[in-house]
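A structural walkthrough
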Amino acid sequence: MEQIDPRAWASIYIGLIFLITCALLVLVYVLSDSSSPPAGLGFYTVYFMAALLGWIAYTLQQVADVPMPLDVPAVAAILNSYILFIAAGQRAGVGTGRWLLGALAMAACFSVFFLTPPDMFIVQSVAAGLLFACVGAVSALRGWSRDNVGDAITAMATLPVVVGMPVAVYHSLVSHDAATAAALAFGAHSGAYVLVAIGFLASVAIEYQQQLSHLATEDPLTRLLNRRGLEKALRVTLAHAARERLPTSAILLDIDRIREINESFGHETGDQVILRVAQMLQRMSRASDVVARTGGEEFILVLPHTNLDAARMLAERIRESVAGHSMIIDNQRIPVTASLGVACAAGDVELDALSQQAERALHLAKQGGPNRIASVDRNPVRLSTNTAPT
């Protein structure tokens, strides 16, 4: 079979890299228009574009006999490695070492004016290996903390460079085989580029899937669970309560006169009131309790292994805390109060039935006026005012 001309191989290679880069840029363009673009998107875009230019410069140097007064591909490889580190660090929220590695990368790039091409190859290899090792560490940290396989792929993508560059340096210094060393470096960077692209795409896809899952179970304003998330979170807890015949209580809270606040001060102020109450509920609840926002101004707390008296005590503390923290808007104090309904059931508890009992108690509390508590436990209803329970 007739051997393919090196220039043809170069054209095929550059074509493939160009197609991969174009596909990535199309995706980046789509993601940049989203309401919350992925972290590190801008620097990853720069990396993909700079890498493409680096491959073109390297190919021209190798097969097109284009004279270059400086080793441009070596400088491009160092800069691309540093840009990738910045992108991975921004995506992971890690800025440690940015300035130190930046200074080392710039020093390595400026050495092109003073070193011969073989010596510059050693500098490039060491710098790229170090920077890719840092990229791997940052990506592995994010993959572990965010449970994102895509970041793990990015971490593994650095292995060809981290392992391949020392081998290339060995062939250059010990074996004096510049061609093999160059081929190893070329293959390491090529493999890493493709794997980084795959890892980045997988990471973004998984991140968006996680966001969609959270949107399905979380309230966007307060970041509390919604009704669907509440049911999902309580599935195991209620099953355990049924087996052990344990009590489960619920507190249904409704912010008083929220519509009047919206009409007088605007919906943004109303949202601030809702958010403040949500934060208060999170602080006052236990780790085992489940807090959710089930309506515009309505919240529910489900308290596992809690009897009615303990739930009423917590409800009273919540009522006092809400009433004791008024908001000040435009130098005007806005009083905020809440009405609460408390219910309790033991053994086999259905969330809908427990919620209905708490809602019944809430209606009774509101009949007596704002800032009150009422409770039911399948016995005659007990009503408490804002001063003392009865």
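The preceding data block contains the structure.
First, a word on scope: everything that follows refers to the structure included in this document. Bear in mind that the values here come from a model prediction, so they are computed numbers and not experimental data.

Further remarks concern the packing of helix α9 (residues 227-244) against helix α13 (residues 351-367). In contact at an axis separation of 11 Å, α9 and α13 are set at 115° when each is read in the N-to-C sense. Looking at the two axes, α9 sits roughly perpendicular to α13. On α13, the residues touching R227, L230, E231, L234 and L238 of α9 are L351, D352 and S355. Taken together, the residues of the contact of α9 with α13 sort by class into four nonpolar, one polar and three charged.

Our focus in this paragraph is empty space enclosed by the protein. Taken as a whole, this structure holds one cavity of 30 Å³ or more when the rule is applied. Roughly 40 Å³ of volume is contained in the largest cavity. Here the residues of the lining of the largest cavity sort into six nonpolar, one polar and one charged.

For the coordinates displayed, the defined rule picks out 12 salt bridges. Measuring nitrogen to oxygen at the nearest pair gives 3.5 Å for the salt bridge that ties R227 to E231. Of this pair, R227 and E231 are both found in helix α9, four residues apart, which corresponds to roughly one turn of the helix. Judged by its relative accessible area of 28%, R227 falls in the partly exposed class. The exposure class assigned to E231 is partly exposed, which follows from its relative accessible area of 38%. Note that R286 and D289 form a salt bridge whose closest N and O atoms lie 2.8 Å from each other. Overall, the relative accessible area of 41% leaves R286 in the partly exposed class. Several salt bridges converge on common partners, so that one network encompasses R91, R142, D151 and E207.

Moving on to the packing of aromatic side chains. Counted under the stated rule, the structure contains four aromatic pairs. Considering the side-chain rings of Y47 and Y193, the 6.0 Å spacing of their centres and the 40° angle between planes classify their relative orientation as tilted. Residue Y47 is found in helix α2 (residues 41-63), and its partner Y193 is found in helix α8 (residues 178-217); the two are separated by 146 residues along the sequence. As far as burial versus exposure is concerned, Y47 and Y193 are alike and both buried.

On to the pairing of strand β1 (residues 247-255), then. Burial within β1 is extensive, with eight of its nine residues counted as buried. Taken together, the nine bridges between β1 and strand β6 (residues 338-346) define a ladder with antiparallel strand orientation. What sits directly across from I251, in β6, is V342. Across seven bridges, the pairing between β1 and strand β3 (residues 298-304) is antiparallel.

Regarding helix α10 (residues 258-265), the residues found buried are I258, I261 and N262. Taken down its axis, α10 places every buried residue within 100° of arc, on the same side. Exposed positions of α10 whose direction lies more than 90 degrees from the buried face are R259, E263 and S264. Among the structural elements, β1, α11 (267-284) and β5 (332-334) are those in contact with the buried residues of α10. Looking one or two residues past α10, G266 carries a phi angle of roughly 100°, positive in sign.

The rules we used
- Residues numbered from 1 in each chain as written.
- Predicted model: local features only at pLDDT ≥ 70, side-chain atom pairs only at ≥ 80, totals over all residues.
- Heavy atoms only, no water.
- Axes fitted to C-alpha atoms, helices over the stretch in contact; angles between N-to-C directions.
- Helix = DSSP H or I, 4+ residues; strand = E, 2+ residues; numbered from the N terminus.
- Parallel < 35°, antiparallel > 145°, perpendicular 65-115°, else oblique.
- Contact = heavy atoms within 4.5 Å.
- Nonpolar A, V, L, I, M, F, W, Y, C, P; charged D, E, K, R; others polar.
- 1 Å grid on protein atoms, 1.4 Å probe; cavity = no way out; pocket = protein on both sides within 12 Å on 5 of 7 lines; lining within 4 Å.
- Points joined across faces, edges and corners; volume = space filled by probe spheres on them.
- Salt bridge = Lys/Arg side-chain N within 4 Å of Asp/Glu carboxyl O.
- Buried < 20%, exposed > 50% of the residue type's maximum accessible area, 1.4 Å probe, protein only.
- Phe/Tyr/Trp six-rings, centres within 6.5 Å; stacked < 30°, edge-to-face > 60°.
- Pairing = 2+ DSSP bridges.
- Arc of directions from axis to C-beta.

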